[in-house]
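So the chains spell out like this:
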Amino acid sequence: MARNAKLESWVDEVAKMCKPDAVQWCDGTQEEYDTLAQLMYETGTFIRLNEKLRPNSFLCRSDPADVARVEDRTYISWATKEQAGPTNNWIDPNEIRTTMTGLYEGSMQGRTMYVIPYSMGPIGSPIGRIGFILTDSPYVVCNMHIMSRVGTKVLEVLGDSDDFVRGVHSLGAPLTDPKQPDVPWPCNAENKYIVHFPETREIWSFGSGYGGNALLGKKCHALRIASVQARDEGWMAEHMLILKITSPEGEVKYMTGAFPSACGKTNLAMLTPTIPGWKVECIGDDIAWMKFGEDGRLYAINPEHGFFGVAPGTSEDSNHHAMGTLRKNSIFTNCALTKDGDVWWEEMTDEAPAETVDWLRRHWEPSMDRPAANPNARFTTPAGQCPVIADEWEDPKGVPISAFLIGGRRAGVVPLVHQARSWNHGTFMASIMSSEKTAAAAGKVGELRFDPMAMLPFCGYHMGDYLSHWVEIGERADAAKLPEIFYVNWFRKSDAGKFMWPGFGENSRVLKWAFERCDGKADAVDTAIGQMPSPEMLDTDGLDVDAATLKELLTVDAAGWLESLPAIEAHYAQFGDKLPKALADELAGLRQRLEAAK
Ligand code: OXD
Ligand code: MN
């Protein structure tokens, strides 16, 4: 194979700094995975689950000080603070390079440095991208095997190009004395840094072995760095699921969905429709990369190869197909261990097991007032095992997108569904996506946390410029070929604090309406906030929601919207003169229409 001098000299440079005992280039084979899993079994990091119940699967328990992405230790290091914008943590690149070089110095002693060549997206896809992670964590290697395409083929496709993202990851836990025993979850909880250098397409991560802090292909590469590449090159890197929906007549459409973390993206991506004859299949559950095809439509790929899903709450009832996916070949992190050697988490079964070992390795019984699994316990599982994975999920050219669904978690004001009138109107709606910080009563506006396009923690540059990028995408495109945009809210609550909409499979009724709107076949009412179905325009056959509730779910709460406008204005004000005029105009238009509707 042709050698890639730039790659090799970077690997040498990092090895000189971190001083691992050995450097191992990963080939992505099953043998490599098995060897590393066995190694982690021997060091006590991995517990092998009961082979009959959960074949080729492992449980891993992290250090209690390392259980989630840490946004306050995540930095976007542009040359100037202005480039990172008001919503990101900025840090001066020179300063942080000095600090982190100090931390990396000798940080891999006593460990192996693995060189992971990975492709986000099918290898060789015109939408896909290549990256490398240099890590001293075998846990990261095994997870990356599942979450991306790892191996020698990536090196072949790369050739001698230097178009790759450079990721460095160290646990920050060197073994300096050969007699020093390792711990099951090495990390350096006091010194966590997850730093992105968008200008040089680099990611430097230190101190954490968990999730999006350590599996650098996911949030760090596929969203924060890729969002910058997408802006520079005229495409879109979004925090979106991708689903395929087929009507009873066999007509197919693809939709994406942008929802903040913990709003059920994985469940929606694999939903089992309650309406007869409709089918939903999954392409991806977290990230979409979209480029214009020759026909002028936006085509999306899922850059990932697996699901890194939140385990608690996942059950046969909430997500039958996720349960089917994680039946084998999976890694579980911070779940409970049952007596028969399987995993368990809250709500996985109707009844909790009589006893388990909790994620902190303590005896646990249902009567105890603490959960058995960490609330952010995860499964890492191959997407290809999903019983409803769409045949074309690995199509290198992607799938043409007909609709974007967007939405937050709003107890009040925002109706079940409303459709944008235009791309700019939809961009406006996505830019004001929000969730209440506290569970507000229906009709009242709680303190809102805005999360534009669900990208607040994941946008690698100034959010105002990111919004302009959306507007520019619309300007470049043939309007008739752009996706329709629908704002959905599954989380409305009654005055008594109960969810008004059943959600899960019943969301298929909203998908059906959106599907038919894309073809101009379903009716809608024009309202101050957008186009909406009246209750009789939605397929409600067999739906167990009373008429009054349904009416409320589909009513424009003009007073509530007017009450939210100052918060939207304050949200917009932080972008200063970077706020696109088109969006300021949309906000003014909304105010006018609401005043008129009062
Ligand atoms: C995730 C997240 O893990 O959005 O996907 O936090
Ligand atoms: Mn996510």
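Analysis parameters
- Residues numbered from 1 in each chain as written.
- Chains lettered and ligands numbered in written order.
- Predicted model: local features only at pLDDT ≥ 70, side-chain atom pairs only at ≥ 80, totals over all residues.
- Heavy atoms only, no water.
- Helix = DSSP H or I, 4+ residues; strand = E, 2+ residues; numbered from the N terminus.
- Rg over C-alpha atoms; globule rule 2.2 N^0.38 Å.
- Buried < 20%, exposed > 50% of the residue type's maximum accessible area, 1.4 Å probe, protein only.
- Contact = heavy atoms within 4.5 Å.
- Areas by Shrake-Rupley, 256 points an atom, 1.4 Å probe, with all protein chains shown as cover.
- Lys, Arg positive; Asp, Glu negative; His and termini not counted.
- Charge placed at Lys NZ, Arg CZ, Asp CG, Glu CD.
- Donors = N, O, S within 2.8 Å, 3.2 Å for Na, K, Ca; no water.
- Pairing = 2+ DSSP bridges.
- Domains from an automatic or database assignment.
- Buried area = accessible area lost by both parts, 1.4 Å probe.
- Salt bridge = Lys/Arg side-chain N within 4 Å of Asp/Glu carboxyl O.
- Axes fitted to C-alpha atoms, helices over the stretch in contact; angles between N-to-C directions.
- Phe/Tyr/Trp six-rings, centres within 6.5 Å; stacked < 30°, edge-to-face > 60°.
- Parallel < 35°, antiparallel > 145°, perpendicular 65-115°, else oblique.
- Left-handed = near helix turned anticlockwise from the far one by under 90°.
- Nonpolar A, V, L, I, M, F, W, Y, C, P; charged D, E, K, R; others polar.
- Near = heavy atom within 4 Å.
- Polar contact = N/O pair within 3.5 Å; in protein donor to acceptor, adjacent residues only side chain to side chain.
- Core = buried A, V, L, I, M, F, W, Y, C linked by side-chain atoms within 4.5 Å.
- Expected span 1.5 Å × (residues − 1).
- Arc of directions from axis to C-beta.

Student: Describe the overall build of the protein chain, with residues and values.
Tutor: On a plain count of helices and strands, the protein chain comes out with 16 helices and 30 strands. The C-alpha radius of gyration of the protein chain comes to 24 Å, within 12% of the 25 Å expected for a compact globule of 598 residues. With the C-alpha coordinates of the protein chain rotated into their principal frame, the extents come out at 75 × 55 × 45 Å. Among the 598 residues that make up the protein chain, the fraction classed as buried is 61%. In the protein chain, the share of contacts with a sequence separation of at least 24, taken over all contacts with a separation of at least 6, comes to 74%. Accessible area of the protein chain: about 22,600 Å², with a carbon and sulfur share of 50%. Side chains of the protein chain give 59 positive and 82 negative charges; the mean places of these two sets differ by 1 Å.

Student: How would you explain the coordination of the manganese ion (ligand 2) if you had to name every residue and give the values?
Tutor: Here the manganese ion (ligand 2) is held by K219 (NZ), H239 (NE2) and D286 (OD), and the distances to it run 2.2 Å. Here the donor residues of the manganese ion (ligand 2) share one chain and are spaced in sequence as K-x19-H-x46-D. A residue pair is termed long-range when its members are at least 10 positions apart, and K219 in helix α8 (residues 217-233) and D286 in the loop between β14 (279-284) and β15 (288-292) qualify at 67 residues. In terms of burial, K219 and D286 fall into one category: buried.

Student: Break down the sheet that holds strand β20 (residues 343-344) for me, citing the residues and quoting the values.
Tutor: One key point about sheets: their strands pair by backbone hydrogen bonds, in either a parallel or an antiparallel sense. Pairing in this open sheet of four strands is antiparallel, and the strands run β20-β19-β21-β22 from one edge to the other. Edge positions in the sheet fall to β20 and β22 (363-364), since each has one partner strand and no second. Where strand β19 (residues 336-338) meets strand β21 (residues 356-357), two bridges bridge the pair, whose relative direction is antiparallel. What sits directly across from T338, in β21, is T356.

Student: Hey, could you go over the domain arrangement of the protein chain for me, with residue numbers and the actual values?
Tutor: Accessible area lost when the parts come together is the quantity often used to give the size of an interface. In terms of domains, the protein chain is made up of domain 1 (5-45 + 66-234), domain 2 (238-305 + 392-597) and domain 3 (306-385). Using only C-alpha atoms to locate each centre, domain 1 and domain 2 end up separated by 33 Å. Taken together, the contacts link 38 residues of domain 1 with 36 residues of domain 2. In total, domain 1 and domain 2 occlude about 3,000 Å² of area from one another, counting both sides; carbon and sulfur atoms represent 56% of this. The largest share of the area that domain 1 buries against domain 2 comes from T87, I127 and L223, three residues that together contribute 22% of it. For the pair domain 1 and domain 2, the interface holds five salt bridges. The partner of K218 in a salt bridge is E304, and the shortest N-O contact between them spans 3.0 Å.

Student: Go over the sheet that holds strand β18 (residues 331-333), please, and point to the residues and values.
Tutor: Ordered in space as β2-β3-β18-β23-β17, the five strands form an open sheet in which the pairing is mixed. Since the sheet does not close on itself, it has two edges, and those belong to β2 (46-48) and β17 (306-310), each with one partner. The average undirected angle you get between the axes of adjacent strands in this sheet is 20°. Relative to β18, strand β3 (residues 58-60) is paired through three bridges, and the arrangement is parallel. Within β18, the residue paired with L59 across the bridge is F332.

Student: Give me the lowdown on unusual backbone geometry, citing residues and values where you can.
Tutor: Among all residues save glycine, negative phi is the norm, and among peptide bonds the norm is trans. Residue K19 is not a glycine yet carries a positive backbone phi of 55°. Examined against the element boundaries, K19 turns out to sit in the loop between α1 (5-18) and β1 (22-25). Here the phi dihedral of A454 falls at roughly 60°; this positive angle occurs in a residue that is not glycine. Mapped onto the elements, A454 comes out in the loop between β27 (448-450) and α12 (463-476). A relative accessible area of 0% means that A454 is categorised as buried.

Student: Any details on the packing of aromatic side chains? Residues and values, ideally.
Tutor: Enumeration over the complete set of coordinates arrives at 22 aromatic pairs. Relative to F164, the ring of F132 lies with its centre 5.2 Å away and its plane at 75°, an arrangement referred to as edge-to-face. Of this pair, F132 sits in strand β6 (residues 129-135) while F164 sits in the loop between α6 (152-158) and β8 (165-170), and the two are 32 residues apart along the sequence. According to the relative accessible area criterion, F132 is buried, its value standing at 0%. Their ring planes at 70° and their centres at 6.2 Å tell us that Y461 and Y466 sit as a pair that is edge-to-face. Among the residues examined, Y461 registers a relative accessible area of 1% and is labelled buried. Overall, Y466 belongs to the buried group, its relative accessible area being 1%. Joined through ring pairs, the aromatic side chains of F404, W423, Y461, Y466 and W470 make up one cluster.

Student: Tell me what's going on with the packing of helix α11 (residues 423-431) against α12, and back it up with residues and numbers.
Tutor: Where α11 meets α12, the closest approach of the two axes is 9 Å, and the angle between their N-to-C directions is 160°. By the angle class used here, α11 and α12 are roughly antiparallel. Seen from above, α11 lies across α12 with right-handed handedness. Taken together, the residues of α12 that come into contact with α11 (itself represented by W423, N424, T427 and S431) are L467, W470, V471, I473 and G474. For the contact of α11 with α12, the per-class residue count stands at five nonpolar, four polar and no charged.

Student: Can you break down the pairing of strand β5 (residues 112-120) residue by residue, with the values?
Tutor: In terms of burial, β5 is largely enclosed, as eight of its nine residues are buried. Bridging between β1 and β5 involves four bridges; their strand directions are parallel. Note on β5: the bridge partner recorded for Q24 is Y114. Bridge analysis of β5 against β6 gives seven bridges, and the strand direction is antiparallel.

Student: Could you give an account of the site of ligand 1, with specific residues and numbers?
Tutor: Around ligand 1, the neighbouring residues are R69, K219, H239, S261, D286, R378 and F458. The contact in question runs from an oxygen atom of ligand 1 to an N or O atom on the side chain of R69, over 2.8 Å. Separating an oxygen atom of ligand 1 from a side-chain N or O atom of S261 is a distance of 2.5 Å. Protein chains bury 86% of the 210 Å² of accessible surface belonging to ligand 1 in isolation. Across the shell around ligand 1, the residue classes tally to one nonpolar, two polar and four charged.

Student: An account of the nonpolar core is needed here, citing residue identities and associated values.
Tutor: Among the nonpolar cores identified, the biggest contains 168 residues, and W289, W345 and F404 are the most heavily contacted of them. Counting 28 residues, the second-largest nonpolar core is a separate cluster that includes W10, A15, F132 and Y193.

Student: Give me helix α16 (residues 581-597): which residues, what numbers.
Tutor: The end-to-end C-alpha separation of α16 is 24 Å, in line with the 24 Å expected for 17 residues at 1.5 Å each. Along α16, the residues that are buried comprise L583, E586, L587, G589, L590 and L594. Relative to the axis of α16, the buried residues are bounded by an arc of 160° and lie together on one face. Exposed and facing more than 90 degrees away from the buried side of α16 are K581, Q592 and A596.

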